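# Descriptive structure summary
Take a look at the letters that make up each chain.
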Amino acid sequence: MELRHESPWLVVELGAPHAVASWAVVGGGLQEAEQIAWLQVRDADLGPELDPVQWLEERRSQVGLKQAVCMLTSSELVHHQFTRQEIDGLRAEVVATVGLSNRLAVGDPPTPGVVGTINIVVVVNRALSPAAMLEAMSIAVEARTAAMVSLQTHSTVSEKLATGTGTDCIVVAAPLTNTTEPARYAGKHTALGAVIGQAVLHAVAAGGKVWMERNC
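Not measured: the values here are computed from a predicted model.

Cut-offs applied
Per-chain numbering applies: the sequence of each chain, read as written, is numbered from 1 onward. Only residues with pLDDT of 70 or above have their local features reported here, since the model is predicted, and side-chain atom pairs are shown and tallied only from 80 upward, although totals for entire chains, interfaces and linings are computed over all residues. With hydrogens and water stripped out, all remaining heavy atoms of the structure feed into the side-chain values. The helix count covers DSSP runs of H or I at least four residues long, the strand count covers runs of E at least two residues long, and both are numbered beginning at the N terminus. The buried label applies to any residue whose accessible area, calculated with a 1.4 Å probe on protein chains only, is under 20% of its type's maximum; exposed applies above 50%, and partly exposed to all values in between. Expected span, for any helix, means 1.5 Å times one less than how many residues it has. Contacts were defined at the residue level, with two residues in contact if any of their heavy atoms lie within 4.5 Å. Here a salt bridge means any side-chain nitrogen of Lys or Arg lying within 4 Å of a carboxyl oxygen belonging to Asp or Glu. Orientation is described by lines fitted to C-alpha atoms, with helices fitted over the stretch in contact, and by angles between N-to-C directions that extend from 0 to 180 degrees. A clockwise turn of the near helix away from the far one marks a right-handed crossing, whereas an anticlockwise turn of less than a right angle marks a left-handed crossing. Note on residue categories: nonpolar means Ala, Val, Leu, Ile, Met, Phe, Trp, Tyr, Cys or Pro, charged means Asp, Glu, Lys or Arg, and polar means any other residue, Gly included. In protein, a polar contact means a hydrogen-donor-capable atom and an acceptor-capable atom, both N or O and within 3.5 Å, with residues adjacent in sequence counting only if both atoms are side-chain atoms; elsewhere, any N or O pair within 3.5 Å suffices. Should DSSP find at least two bridges between two strands, the strands are taken to pair.

Of note, the amide linkage connecting Ser7 to Pro8 takes the cis form, showing an omega dihedral of 10°. Summarising the element assignment, Pro8 is placed in the loop between strand 1 (2-6) and strand 2 (9-22). Despite not being glycine, Asp88 has its phi angle at roughly 50°, a positive value. Mapped onto the elements of the fold, Asp88 is located in the loop between strand 5 (81-87) and strand 6 (90-98). Judged by its relative accessible area of 74%, Asp88 is exposed. Phi is positive for Gln152, close to 55°, though the residue is something other than glycine. Here Gln152 is to be found in the loop between helix 2 (130-151) and strand 9 (164-165).

Taking 1.5 Å per residue as the helical rise, helix 2 with its 22 residues ought to reach 32 Å, and the 32 Å between its terminal C-alpha atoms agrees with that figure. The complete set of buried residues in helix 2 reads Ala132, Met133, Ala136, Met137, Ile139, Ala140, Ala143, Arg144, Ala147, Met148 and Leu151. Elements in contact with the buried residues of helix 2: strand 2, strand 8 (118-124), strand 9, strand 10 (169-175) and helix 3 (191-215). Directly beyond the C-terminal end of helix 2, a positive phi value near 55° is found at Gln152.

Considering all chains together, one arrives at six salt bridges under this definition. For Arg4, the salt bridge goes to Glu13, with nearest N and O atoms at 2.9 Å. Residue Glu93 pairs with Arg91 through a salt bridge whose shortest N-O separation is 4.0 Å. Overall, Glu93 belongs to the buried group, its relative accessible area being 6%. By sharing partners, the salt bridges in this structure join Arg4, Glu6 and Glu13 into a single network.

So, about the packing of helix 2 against helix 3. Two elements in contact, helix 2 and helix 3, have axes separated by 8 Å at closest approach and are oriented at 35°. Here helix 2 and helix 3 pass one another in a crossing that is right-handed. Only Gly193, Ile196, Gly197, Val200, Leu201, Val204, Ala205, Gly208, Lys209 and Met212 of helix 3 make contact with helix 2, whose side of the interface consists of Ala136, Ile139, Ala140, Ala143, Arg144, Ala146, Ala147, Ser150 and Leu151. Here the contact of helix 2 with helix 3 is composed, by residue class, of 13 nonpolar, four polar and two charged.

For Thr163, the location among the structural elements is in the loop between helix 2 and strand 9. Judged by relative accessible area, Thr163 falls into the buried class, the value being 16%. A distance of 2.8 Å separates a polar atom in the side chain of Thr163 from the backbone nitrogen of Val106. Not counting the four nearest positions on each side in its chain, Thr163 is found in contact with Leu104, Ala105, Val106, Arg144, Thr145 and Met148.

Along strand 10, seven of the seven residues are buried, which leaves the element largely enclosed by surrounding structure. Every second residue of strand 10 is oriented toward a common face, with Cys169, Val171, Ala173 and Pro175 on one face and Ile170, Val172 and Ala174 on the other, all of them buried. Taken together, the five bridges between strand 2 and strand 10 define a ladder with antiparallel strand orientation. Looking at the pairing, Val20 lines up with Ala173 of strand 10. Note: strand 8 against strand 10, five bridges, orientation parallel. Opposite Val121, over in strand 10, you have Val171 as the bridge partner.

This is the structure:
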């Protein structure tokens, strides 16, 4: 995996086709991709009549990222966090951008969205079965939530501890080919689950602290 920041883009170059699972604005769902990208936006970029999907598809095509899985963020990409964890040859590399102005607690009532979100990319070095891909996603979500709780920030609409933001996005990528069979499990009892959890927890907590130092 290679990471390059060329404002207003932050791009993860996977180097080969990967299986990718996410709910990204463009390329969400289950896909094959070689690139995952963030586009930093300002309020002036997104008007009420704008179709963000079409707009982002056009922007990624203009810079040669036509097949990339893409996310939008208002976070300063220069403050992105990168973490790598490895156990027994199994590796997770995580890139996170963290903005907390849209922080909420799970179960909060629906409210209009505002800018400020957490976007996370998790890249592992082992092929995953479909079930393991879903389990890896659940570990990443749980680690994001644990990191948020550790920051002890509160929801913007309730007195509850924030567990994320209203527009978080998580992307999990795993190689399509490998020298071994795809992993069947990626839970907390596995090395894969451990490295994913450790890397996401560290990246989100670190990014959250940077955001709080700059905005509180």
